[in-house]
Amino acid sequence: QGKGLFATKNIRKGETVFVERPVVSSHFLWNAPCDHCLRALETAEENAQKSPLGLPHPEQCSIRKDLHQQCPRCQVMYCSAECRQAALEQYHQVLCLGPSRDDPTHPLNKLQEAWRNMHYPPETSSIMLMARMVATVKQAKDKEWWIKAFSQFCNKTANEEEEIVHKLLGDKFKGQLELLRLLFTEALYDEHLSRWFTPEGFRSLFALVGTNGQGIGTSSLSQWVHACDALDLPMLQREELDAFIDQLYKDIEKESGEFLNCEGSGLYVLQSCCNHSCIPNAETSFPENNFLLHLTALEDIEAGEEICISYLDCCQRERSRHSRNKILRDNYVFTCSCPKCLAQADDADVTSDEDEEGEGETDDAELEDEMTDV
């Protein structure tokens, strides 16, 4: 668990506790939002093309395609000139593939292809988040400042790190991890970060990203829905719009199985300090459709009170104390002692009904939610 974050003043339910930019972030390999801030690049109308219905109130979509820019060398896309410049200044000079973007023998492409083939699906903390950490240090004038910034995130013991890496990669993780380290070294080695490229240092870096990486989800369609919810409409029009949105999501689910956001992972200093509770008093969200994390109070929080989020999703929090702590031990290597768990301390160590069938597979299939969508 983190160091703990405590309120410095009284915070009311629904109030934003803080808004935070990540130290570094990266989108997952299978989607293509803005390469810097992870803002969705498709409009809500483009997202909704999976539905045969047209999209009313298209003006409620905030995506400005006229502002989009791409790197002239590798064609990576950005939502704005500002994001393109910010990426170039922080890490993209090191990671730009230029004309080698489609060359399978380029070291960075070899690293990404290996990652696609070896980690448990769905994707968890991307190897490219680690790559951006290295690239940021390599480009920085003040390298020690950035190394110190990354060192703020909690570290685990060697045994705990091994458990976490095992969970991320699976039973054959030792061989996979060594292959990943060699490819990572070939693509990105830097003498200022030589420890990160040793077997022990690479495992530590992997575990750090795995436990501290905050899942980021952005969606222009979700933004459009929220904007439509805020419209002041006559009752009949409101009912028609709500019915349309319900049908839209049904059509999307029928067409694609489920609606997929643009997703990625980032390292946030304040958020990483938040400890877990099975009855959290705050939650994270990304209402600006980019990597800006908003922490919002779920209830009144008094000055001096600890601010806690949940490392579990809503369904997992409703499971038995035994099941909840199994997930937390497997993925974060601690046993929860929040008020809910203490109140249930005398309950029998039984597994929730949801876990009984395919227990191990269920935990692995939900790994992304457990490891990053905290």
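Residues numbered from 1 in each chain as written. Predicted model: local features only at pLDDT ≥ 70, side-chain atom pairs only at ≥ 80, totals over all residues. Heavy atoms only, no water.

As named in an unreviewed UniProt entry, the protein is Protein-lysine N-trimethyltransferase SMYD5, taken from Apaloderma vittatum. Here the protein is described in UniProt, under the heading Subcellular location (unreviewed entry), as follows: "Cytoplasm". (UniProt positions renumbered as here; feature names shortened; annotations may be inferred.)

*Asks:* Requested: an account of the overall build of the protein, with residues and values cited.
*Replies:* Within the protein, the regular secondary structure consists of 17 helices and 10 strands. By the burial criterion, 52% of the 374 residues in the protein qualify as buried. Here the contacts in the protein between residues at least 6 apart in sequence split such that 75% fall between residues at least 24 apart. Within the structure as shown, the protein displays about 17900 Å² of accessible surface, and the carbon and sulfur contribution to it stands at 50%. (Helix = DSSP H or I, 4+ residues; strand = E, 2+ residues; numbered from the N terminus. Buried < 20%, exposed > 50% of the residue type's maximum accessible area, 1.4 Å probe, protein only. Contact = heavy atoms within 4.5 Å. Areas by Shrake-Rupley, 256 points an atom, 1.4 Å probe, with all protein chains shown as cover.)

*Asks:* Explain helix H2 (residues 81–95) residue by residue, including any values.
*Replies:* Taking 1.5 Å of rise per residue, the 15 residues of H2 would be expected to cover 21 Å, yet its terminal C-alpha atoms sit only 18 Å apart, more than 12% below that figure. In H2, a bend of some 70 degrees at Glu89 exceeds every other bend along the element. All buried positions along H2 are accounted for by Cys83, Ala87, Gln90, Tyr91, His92 and Leu95. (Expected span 1.5 Å × (residues − 1). Bend = angle between axes of the 7 residues up to and from the residue.)

*Asks:* Requested: an account of the environment of Ser277, with residues and values cited.
*Replies:* Residue placement: Ser277 occurs in the loop between strand S7 (275–276) and strand S8 (282–285). Sequence separation between Ser277 and Cys341 is 64 residues; the distance between their C-alpha atoms is 8.8 Å. If sequence neighbours within four positions are ignored, Ser277 has contacts with Cys308, Ile309, Ser310 and Cys338. Among the polar contacts made by the side chain of Ser277, one reaches the main-chain amide nitrogen of Ile279 at a distance of 3.1 Å. (Polar contact = N/O pair within 3.5 Å; in protein donor to acceptor, adjacent residues only side chain to side chain.)

*Asks:* An account of the sheet that holds strand S9 (residues 293–297) is requested, with residue identities and associated values reported.
*Replies:* Taken in spatial order, the three strands make up an open sheet running S1-S9-S8, and their pairing is antiparallel. Here the strands that pair on one side only, and so sit at the sheet edges, are strand S1 (16–20) and S8. The average angle at which neighbouring strand axes cross in this sheet is 20 degrees, direction not considered. Direction of pairing for S8 relative to S9: antiparallel, over a ladder of four bridges. For Thr284, the partnering residue across the bridge sits in S9 and is Leu295. (Pairing = 2+ DSSP bridges. Axes fitted to C-alpha atoms, helices over the stretch in contact; angles between N-to-C directions.)

*Asks:* Tell me about helix H9 (residues 220–229), and please be specific about residues and values.
*Replies:* In terms of burial, H9 is a largely internal element, seven of the 10 residues being buried. Looking at H9, one finds that the buried residues are Ser220, Leu221, Gln223, Trp224, Val225, Ala227 and Cys228. If you check the start of H9, you find a side-chain oxygen 3.3 Å away from the backbone N of Leu221, and it comes from Ser219.

*Asks:* Go over unusual backbone geometry with me, naming the residues and quoting the values.
*Replies:* Positioned with a positive phi, His57 is a non-glycine residue whose angle comes to about 50 degrees. Judged by relative accessible area, His57 falls into the partly exposed class, the value being 26%. The backbone phi angle of Asn289 is positive, close to 60 degrees, even though this residue is not glycine. Its location among the elements puts Asn289 in the loop between S8 and S9. Judged by relative accessible area, which is 1%, Asn289 ranks as buried.

*Asks:* So what's going on with the packing of aromatic side chains? Residues and values would help.
*Replies:* Each aromatic ring pair is summarised here by two numbers: the centre-to-centre distance and the angle between the ring planes. Within this structure, the stated rule accounts for 11 aromatic pairs. With a centroid separation of 5.0 Å and 80 degrees between ring planes, the pair formed by Trp145 and Trp146 is classed as edge-to-face. Joined through ring pairs, the aromatic side chains of Trp115, Phe184, Tyr189, Phe197, Phe202 and Phe206 make up one cluster. (Phe/Tyr/Trp six-rings, centres within 6.5 Å; stacked < 30°, edge-to-face > 60°.)

*Asks:* Describe the packing of helix H4 (residues 127–139) against helix H5 (residues 143–151), listing the residues and the values that go with them.
*Replies:* Put simply, H4 and H5 touch, their axes get as near as 8 Å, and they point 155 degrees apart. As summarised for this structure, H4 and H5 are arranged roughly antiparallel, according to the angle between their axes. Crossing handedness for the pair H4 and H5: right-handed. The segment H4 lies against H5, with Met133, Thr136, Val137, Lys138 and Gln139 engaging Lys143, Trp146, Ile147 and Phe150. A per-class count over the contact of H4 with H5 returns five nonpolar, two polar and two charged. (Parallel < 35°, antiparallel > 145°, perpendicular 65-115°, else oblique. Left-handed = near helix turned anticlockwise from the far one by under 90°. Nonpolar A, V, L, I, M, F, W, Y, C, P; charged D, E, K, R; others polar.)

*Asks:* Before we move on, can you summarise the sheet that holds strand S5 (residues 214–218) with the specific residues and values?
*Replies:* Taken in spatial order, the three strands of this open sheet run S2-S6-S5, and their pairing is antiparallel. Because the sheet does not close on itself, it has two edges, and the strands there are strand S2 (24–27) and S5. The mean angle between the axes of side-by-side strands here comes to 30 degrees, regardless of whether they run parallel or antiparallel.

*Asks:* Just give me the short version of the nonpolar core, but keep the residues and values in it.
*Replies:* If you look at the biggest cluster of nonpolar residues, it comprises 85 residues, and the most contacted ones within it are Ile127, Met133, Phe150, Leu180, Phe184, Leu188 and Phe206. Counting residues per element, this core draws most heavily on H4, which supplies nine residues. Contacts of Ile127, omitting those with residues within four sequence positions, involve Leu111, Trp115, Leu180, Phe184, Phe202 and Phe206. Within the second largest apolar cluster, 15 residues are counted, among which are Ala44, Ile63, Phe244 and Ile252. (Core = buried A, V, L, I, M, F, W, Y, C linked by side-chain atoms within 4.5 Å.)

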